[in-house]
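Structural features, examined
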Amino acid sequence: MADISLFIMATIYCLAGIMHFIKPKPYMKIMPPVIPFPKMMVYISGFFELLFGIALLFEVTRSYAALGIVLLLIAVFPANIYMAKRMHEKQSKNRWIAFVRLPLQLVLIYWAYLYV
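Nothing here was measured: the structure is a model prediction, and the numbers come from that model.

Time to look at the environment of Pro 38. Along the chain, Pro 38 turns up in helix α3 (residues 38-55). Relative accessible area serves as the criterion here: at 33%, Pro 38 is assigned to the partly exposed category. Taking the C-alpha atoms as reference points, Pro 38 and Gly 53, separated by 15 residues in sequence, lie 22 Å from one another. The residues contacting Pro 38, other than those within four sequence positions of it, are Met 28 and Met 31.

What follows is the structure, given as structure tokens:
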């Protein structure tokens, strides 16, 4: 079961990382305005998601990748808060998704931490 979980996690981060390069605009929209160079930050976070996703697949780099994912998820948490706040202010019909993402982030951190 752990191998399947690990493969799923690696796939999720690889796909998410690739999406940062293919469609950066949705990621830029949730970037808090205080963050400089938003497009570059989207690319950097995408690069690390892809790197860590690949590194999860190798035993020698797995714990470093998992720790990197934990730190990355903590680093991008302000963007999730910003997105939830903006969607709430705009009374978006999909704002519930943004609020579900906040506790989900903690689950993702725990999931990655299992491999540190």
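Moving on, there is more to tell.
At a minimum axis distance of 8 Å, the contact between α3 and helix α4 (residues 59-89) shows a crossing angle of 150 degrees. For the element pair α3 / α4, the angle class is roughly antiparallel. Relative to α4, the crossing made by α3 is left-handed. Between α3 and α4, the contacting residues are Ser 45, Phe 48, Glu 49, Phe 52 and Ala 55 on the first element and Thr 61, Arg 62, Ala 65, Gly 68, Ile 69 and Leu 72 on the second. The residue makeup of the contact of α3 with α4, split by class, is 6 nonpolar, 3 polar and 2 charged.

The next point concerns the pattern of salt bridges. Per the stated rule, a full pass over the model turns up 1 salt bridge. Lys 85 serves as the salt-bridge partner of Glu 89, at 3.2 Å between the closest nitrogen and oxygen. With Glu 89 and Lys 85 both in helix α4 and 4 residues apart, the pair spans about one turn of that helix. By the burial criterion, Glu 89 is exposed, and Lys 85 matches it.

What follows deals with unusual backbone geometry. A positive phi is found at Phe 37, a non-glycine position, where the angle reads about 50 degrees. The exposed category is assigned to Phe 37, whose relative accessible area is 58%. In the Ramachandran plot, Gln 91 falls in the positive-phi region, its phi being about 55 degrees despite a non-glycine side chain. If you trace the backbone, Gln 91 turns up in the loop between α4 and α5 (95-113).

Let us now look at the environment of Leu 73. Following the sequence through the fold, Leu 73 ends up in helix α4. By relative accessible area, Leu 73 is classed as buried at 7%. Remark: the alpha-carbon pair of Leu 73 and Ala 112, spanning 39 residues in sequence, is separated by 9.6 Å. If sequence neighbours within four positions are ignored, Leu 73 has contacts with Tyr 13, Gln 105, Leu 108 and Ile 109.

Calculation notes
- Residues numbered from 1 in each chain as written.
- Predicted model: local features only at pLDDT ≥ 70, side-chain atom pairs only at ≥ 80, totals over all residues.
- Heavy atoms only, no water.
- Helix = DSSP H or I, 4+ residues; strand = E, 2+ residues; numbered from the N terminus.
- Buried < 20%, exposed > 50% of the residue type's maximum accessible area, 1.4 Å probe, protein only.
- Contact = heavy atoms within 4.5 Å.
- Axes fitted to C-alpha atoms, helices over the stretch in contact; angles between N-to-C directions.
- Parallel < 35°, antiparallel > 145°, perpendicular 65-115°, else oblique.
- Left-handed = near helix turned anticlockwise from the far one by under 90°.
- Nonpolar A, V, L, I, M, F, W, Y, C, P; charged D, E, K, R; others polar.
- Salt bridge = Lys/Arg side-chain N within 4 Å of Asp/Glu carboxyl O.

Nothing here speaks to function; it is all geometry.
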